[in-house]
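Coordinate analysis (summary)
Residue-level listing of the chains:
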Amino acid sequence: AALAAVGAQAGAKDCALVAGAAAVDPAALAEALAELPAGDRAALAVADDELARGVALVQQVQHYFAPANFAKDTYLKSLMDLEGYVDLAALAAFPQLAAMTAGVDELARFLTYSRLTELDPTRTKVRPRPRAAAA
């Protein structure tokens, strides 16, 4: 029940996260919550904070790659390699993400769940998913 409450976090579905799973490892979270006394609101608050942070980071990256924004962002386009990927370290330096103190590992962990962007095999670069694949 606690895990379901976390997955039902308001706004999570609006962020285009795969099946509303967010950036929380469900198995690890369920295991951790199972070890806590029933009704431990502090544990749920931590899970909610983690989920909210993941949603915010994914939404910000998706904003950068949204067609309307991307079309006019010459700087972001200049960071792309030949395959259309942008290095996560460069993206983490963008003011909004830097203000959230998001590092490369954290961005990669959260972006794994995005339906609108995709990571390269090394999980150090991101690009927008082709429109047909994002649907």
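Above this text is the structure in question.
Since this is a predicted model, take the numbers as computed values, not measurements.

Rules of the game
Residues numbered from 1 in each chain as written. Predicted model: local features only at pLDDT ≥ 70, side-chain atom pairs only at ≥ 80, totals over all residues. Heavy atoms only, no water. Helix = DSSP H or I, 4+ residues; strand = E, 2+ residues; numbered from the N terminus. Buried < 20%, exposed > 50% of the residue type's maximum accessible area, 1.4 Å probe, protein only. Contact = heavy atoms within 4.5 Å. Areas by Shrake-Rupley, 256 points an atom, 1.4 Å probe, with all protein chains shown as cover. Polar contact = N/O pair within 3.5 Å; in protein donor to acceptor, adjacent residues only side chain to side chain. Pairing = 2+ DSSP bridges. Salt bridge = Lys/Arg side-chain N within 4 Å of Asp/Glu carboxyl O. Phe/Tyr/Trp six-rings, centres within 6.5 Å; stacked < 30°, edge-to-face > 60°. Lys NZ or Arg CZ within 6 Å of the ring centre and 35° of its normal. Core = buried A, V, L, I, M, F, W, Y, C linked by side-chain atoms within 4.5 Å.

**Structural notes on the overall build of the protein**
Assigned secondary structure in the protein consists of nine helices and three strands. If you list the helices and strands of the protein from N to C, you get α-α-α-α-α-β-α-α-α-β-β-α. Across the 135 residues of the protein, 36% fall into the buried class. Counting contacts in the protein only where the partners sit at least 6 residues apart, residues at least 24 apart contribute 62% of the total. When the accessible surface of the protein is totalled, it reaches about 7500 Å², and 59% of it is carbon and sulfur.

**Looking at the side chain of Thr-117**
Structurally, Thr-117 is set in strand β2 (residues 117-119). You can call Thr-117 buried: its relative accessible area is 1%. Among the polar contacts listed, one links the side chain of Thr-117 to the side chain of Ser-114, at a separation of 3.0 Å. For Thr-117, the contacting residues outside a window of four places in its chain are Val-61, Gln-62, Phe-65, Leu-111, Val-126, Arg-127, Pro-128 and Arg-129.

**What to know about the sheet that holds strand β1 (residues 86-87)**
Strands sit in the order β1-β3-β2 across an open sheet of three strands; the sheet is antiparallel. Strand pairing shows two members of the sheet lacking a second neighbour, β1 and β2, which therefore form its edges.

**Points about the pattern of salt bridges**
If you walk through the whole model with that rule in mind, you get four salt bridges. Of the charged contacts, one joins Glu-106 and Arg-53 as a salt bridge, the two residues approaching to 2.6 Å between their closest N and O atoms. Of this pair, Glu-106 sits in helix α8 (residues 104-111) while Arg-53 sits in helix α3 (residues 41-65), and the two are 53 residues apart along the sequence. Given the relative accessible area of 17%, Glu-106 is considered buried.

**Focus on the packing of aromatic side chains**
Under the definition given, this model contains three aromatic pairs. Considering the side-chain rings of Phe-65 and Phe-70, the 6.1 Å spacing of their centres and the 35° angle between planes classify their relative orientation as tilted. Overall, the relative accessible area of 17% leaves Phe-70 in the buried class. For the pair Tyr-75 and Phe-94, a centre-to-centre distance of 5.9 Å together with 35° between the ring planes defines the contact as tilted. A residue pair is termed long-range when its members are at least 10 positions apart, and Tyr-75 in helix α5 (residues 74-78) and Phe-94 in the loop between α6 (88-92) and α7 (95-99) qualify at 19 residues. Joined through ring pairs, the aromatic side chains of Tyr-64, Tyr-75 and Phe-94 make up one cluster. Above the plane of the ring of Phe-70 lies Lys-77, whose end atom (NZ or CZ) is 5.6 Å from the centre. Here the guanidinium or amino end of Arg-109 rests over the ring plane of Phe-110, the centre of that ring lying 4.5 Å away.

**Here's the deal with the nonpolar core**
In this structure, Phe-65, Leu-76, Leu-88, Leu-91, Leu-97, Leu-107 and Leu-111 are the most contacted members of the largest nonpolar core, which totals 21 residues. Elements that contribute at least two residues to this core include exactly α3, α6 and α8. When residues in this core are grouped by element, the largest group, five residues, is from α3. With sequence-adjacent residues up to four places away left out, Leu-97 is seen in contact with Leu-57, Gln-60, Val-61, Tyr-64, Leu-91, Ala-92, Ala-102 and Leu-107.

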